[in-house]
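Single-letter residue listing:
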Amino acid sequence: MTPARVGGALAGRSGRAAGSGWRWAELGLLALAAGVGIAAGLPGAALPEGGLRLTALAPALALVAAAFAIHVSLGWRRPGADQRILPCIVLLMGLGLALSQRVAPALATRQWAWLMIGLATLAVSTHLPYELRVIQRYRYTWAILGIVLVGVTLVAGRSAVPGGPRLWLGAGGLTFQPSEVLRLLLVFFMAGYLEDKREILSAASLKLGPLRLMPLPYLAPLAAMMGVSLALLTAQRDLGAGLLLFVICLGMLYLVSGRSTYVLGGLALFVCAAWLLHHEIAVVQTRVAIWLDPWSDPSGAGYQIVQGLMAIAEGGVIGAGIGQGLPTSIPAVHTDFIYAALAEETGLAGAAAVLMVYATLFLAGFRVAVRASTPFRQMLAAGLTLGLSVQTLIILGGVLRLIPLTGVTLPFLSHGGTSIVTSAVAMGLVLRIGDEPR
Amino acid sequence: MSPIESQLFFARAVLLMLLYGFVAAAGILAWRELRAAQRAAPARAAEPPGARLIVLSGGASERPPGTALPLGTVASVGRDIDNEVVIQDPTVSGRHAVFSFREGAWWVEDLGSTNGTAVNGRRLTERAQALLRSGDVVQVGGVSLRLVAPTLP
């Protein structure tokens, strides 16, 4: 009798043990998610004289078909996996595809291809017959690989716009963003490393009066990997990725040790670093200035934020309807500002519902982490989920002007192949961790 | 409304309804899961009534002295999180010892731990079982625990 199987409401209609029935909860949610994806694509497929152009719906239908195929494969090979994760991802992907057809039609086919690759990656990372121990064993290899990738980008990277930050690596028409890959690899590293050192980290070795000092020598490899990564990302001016990495590291340290010392120390470090960056880097000063008052320069530096806020306000409660708003006036609307487009065209109602879908997805991920059988599995599931949830908070906070804007993608909804694929790898692993023999 | 307008209005309504249908379904699932966990929880803690370990000194673990750790019929003690009683102390082995209630009495068995298990100061040999009385002090690595079993002498 294990606690994980007791609360098996998700394992079958009447709380049966996993593996003894069809995954009905997932099927039901998936049907709703498929409906959302298709309904979001309907306006783009409508003909002026009434009726539908079915070919315009074909990408969404292909996405849904692939999702149902993964549903069947999960029931066959991973019957104990969480049933909410796949439907949430499919819903977000369906909405993302419709918004992409809407705001960046020229890129929509490419985005569709990436979404299909993303679903395939999800299936592969869930089903590959390797042991999760492999991730733990090669923890230093992952970290060094990630750092080398970003280092190479610093030297030989390309930028999306001339003169912009050089964040992409690749040849010909195919490029990817190594900072996204670095984040995934560093979560692998930290899960393996912290699992190894968790006892030392949670037992304070030095006492200085009322202060308990952390065992600094054992933190050195972690600090070195994080320091190099953050320095590289700062040199690239990829501040969003840097912030994200830092928060993930602190979060995982707190999860493994249960000590707020790490969080407080990290916050102190963060304040120092923020002050220094604000002092030294012009981009940071601009970002903070337009966060505090975007209307001081509404047609220059503040243009993007002001346009985004006006789009969100324009959406009202139920929105203009997909295809009815003017979100294309926002720069980078298909990547960083996709949420503003969503809020304009589906209103507060749609934007709030999507937030709840994200909450459901991340709660499911953390639930997998809480119930995982070994500390390494717990750390891996928690770290991967933490990464995606913090990423969501950073970009939504930026778009809604709650924190200074730093460009990261919105998982599964924004444009960006690397983001889709790495997010899919992460969630595929969480699905896999959720299904374990007991 | 023209056909295209009514079509677009229909698409908006359906989209929002499906979105909230999804959110509601996820909420119902979470609710049912919580209920199932609540129903299962009392069943685990029920037997045998009232037996518990009181922490006398917790070593480096986060268990302050005086903490009561309830015991099930068979309760393994160790540092790994899949033990019934988890003690995060470096001197405690992953699976250190097991407490069990049978033949009307409590027994403790060492599971081949590194730092050993002792009852009232007498160290157990590996794989040997010791009969316990209520109030006995069991030393698990560097952590001292007192067995309190109200139904026993």
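Now for a look at the structure at hand. Nothing here was measured: the structure is a model prediction, and the numbers come from that model.

Definitions and cut-offs
Residues numbered from 1 in each chain as written. Chains lettered and ligands numbered in written order. Predicted model: local features only at pLDDT ≥ 70, side-chain atom pairs only at ≥ 80, totals over all residues. Heavy atoms only, no water. Helix = DSSP H or I, 4+ residues; strand = E, 2+ residues; numbered from the N terminus. Contact = heavy atoms within 4.5 Å. Areas by Shrake-Rupley, 256 points an atom, 1.4 Å probe, with all protein chains shown as cover. Rg over C-alpha atoms; globule rule 2.2 N^0.38 Å. Buried < 20%, exposed > 50% of the residue type's maximum accessible area, 1.4 Å probe, protein only. Lys, Arg positive; Asp, Glu negative; His and termini not counted. Charge placed at Lys NZ, Arg CZ, Asp CG, Glu CD. Core = buried A, V, L, I, M, F, W, Y, C linked by side-chain atoms within 4.5 Å. Salt bridge = Lys/Arg side-chain N within 4 Å of Asp/Glu carboxyl O. Nonpolar A, V, L, I, M, F, W, Y, C, P; charged D, E, K, R; others polar. Pairing = 2+ DSSP bridges. Axes fitted to C-alpha atoms, helices over the stretch in contact; angles between N-to-C directions. Left-handed = near helix turned anticlockwise from the far one by under 90°.

### Topic: the overall build of chain A
Secondary structure assignment for chain A yields 16 helices and five strands. Restricting to contacts in chain A with at least 6 residues of sequence separation, those with at least 24 account for 72%. Summed over its atoms, the accessible surface of chain A is roughly 17,800 Å², and 69% of this surface lies on carbon and sulfur atoms.

### With respect to the overall build of chain B
Of the regular secondary structure elements, chain B holds one helix and 11 strands. Secondary structure of chain B in N-to-C order comes out as α-β-β-β-β-β-β-β-β-β-β-β. For 153 residues, the compact-globule estimate of 2.2 N^0.38 gives 15 Å, and chain B exceeds it by more than 25% at 26 Å. Projecting the C-alpha coordinates of chain B onto the three principal axes gives extents of approximately 90 × 35 × 25 Å. Counting all 153 residues of chain B, 43% fall into the buried class. Put simply, 38% of the contacts in chain B that link residues at least 6 apart link residues at least 24 apart. Accessible surface, chain B: about 7,900 Å² in total, of which carbon and sulfur atoms supply 59%. Distance between charge centres in chain B, computed from 15 positive and 13 negative side chains, equals 5 Å.

### A short note on the nonpolar core
Generally speaking, nonpolar side chains in soluble globular proteins are found buried as a group. Formed by 128 residues in total, the largest nonpolar core has its most connected members in A:Leu194 and A:Leu222. Ranked by the residues each element gives to this core, the list is headed by helix H14 (residues 338-371) of chain A, at 17 residues. Counting 24 residues, the second largest nonpolar core, distinct from the first, contains B:Ile87, B:Val119, B:Leu132 and B:Ala149.

### Focus on the interface of chain B and chain A
The partner chain A presents 51 residues to the 31 residues of chain B that form the contact. Counting across the chain B and chain A interface gives two salt bridges. Among the residues forming the side of chain B that touches chain A, the class breakdown is 21 nonpolar, three polar and seven charged.

### Remarks on the pairing of strand S9 (residues 129-132) of chain B
Residues and elements named next belong to chain B. Residues Ala-130 and Leu-132 line the buried face of S9, whereas the alternating positions Gln-129 and Leu-131 sit on a face that is not buried. Bridge count for strand S6 (residues 105-110) against S9 is four bridges, and the pairing is antiparallel. Bridge assignment links Val-108 to a residue of S9, and that residue is Ala-130.

### Let's talk about the environment of A:Gly387
One can find A:Gly387 in helix H15 (residues 375-399). In the structure, A:Gly387 is positioned 29 residues away from A:Gly416 in sequence and 17 Å away in space, judged by C-alpha atoms.

### Observations concerning the packing of H15(A) against helix H16 (residues 417-434) of chain A
All names here are of chain A. One can describe the packing of H15 onto H16 by two numbers: an axis separation of 9 Å at closest approach and a directional angle of 145°. Handedness of the crossing formed by H15 with H16: left-handed. On the side of H15, the interface is formed by Arg-377, Leu-380, Ala-381, Leu-384, Thr-385, Leu-388 and Gln-391, while H16 contributes Ser-419, Ser-423, Ala-426, Met-427, Leu-429, Val-430, Arg-432 and Ile-433. Here the contact of H15 with H16 is composed, by residue class, of nine nonpolar, four polar and two charged.

### A few points about the sheet that holds strand S8 (residues 122-123) of chain B
Residues and elements named next belong to chain B. If you walk across this open sheet you meet the six strands as S2-S1-S11-S10-S7-S8, and the pairing is antiparallel. Every interior strand has two partners, whereas the edge strands, strand S2 (68-70) and S8, have only one. The pairing of strand S10 (residues 137-140) with strand S11 (residues 143-148) spans four bridges and is antiparallel. Note on S11: the bridge partner recorded for Val-138 is Leu-145.

### Digging into the pattern of salt bridges
Opposite charge on two side chains lets them pair, provided their charged atoms get close. Within the structure shown, the criterion is met by 10 salt bridges over all chains. A salt bridge links A:Asp435 to A:Arg78; the nearest nitrogen and oxygen atoms lie 3.7 Å apart. Separated by 357 residues along the polypeptide, A:Asp435 in the segment after H16 and A:Arg78 in the loop between helix H3 (54-77) and helix H4 (85-103) bring together distant segments of the chain. Ionic contacts of the salt-bridge type, sharing partners, join the residues A:Asp82, A:Arg84, A:Arg367 and B:Glu33 into one network.

### Points about the sheet that holds strand S5 (residues 97-102) of chain B
Here we have five strands laid out as an open sheet, ordered S4-S3-S5-S6-S9 (chain B), and mixed in their pairing. Only two strands of the sheet have a single neighbouring strand rather than two, namely strand S4 (85-86) and S9 of chain B.

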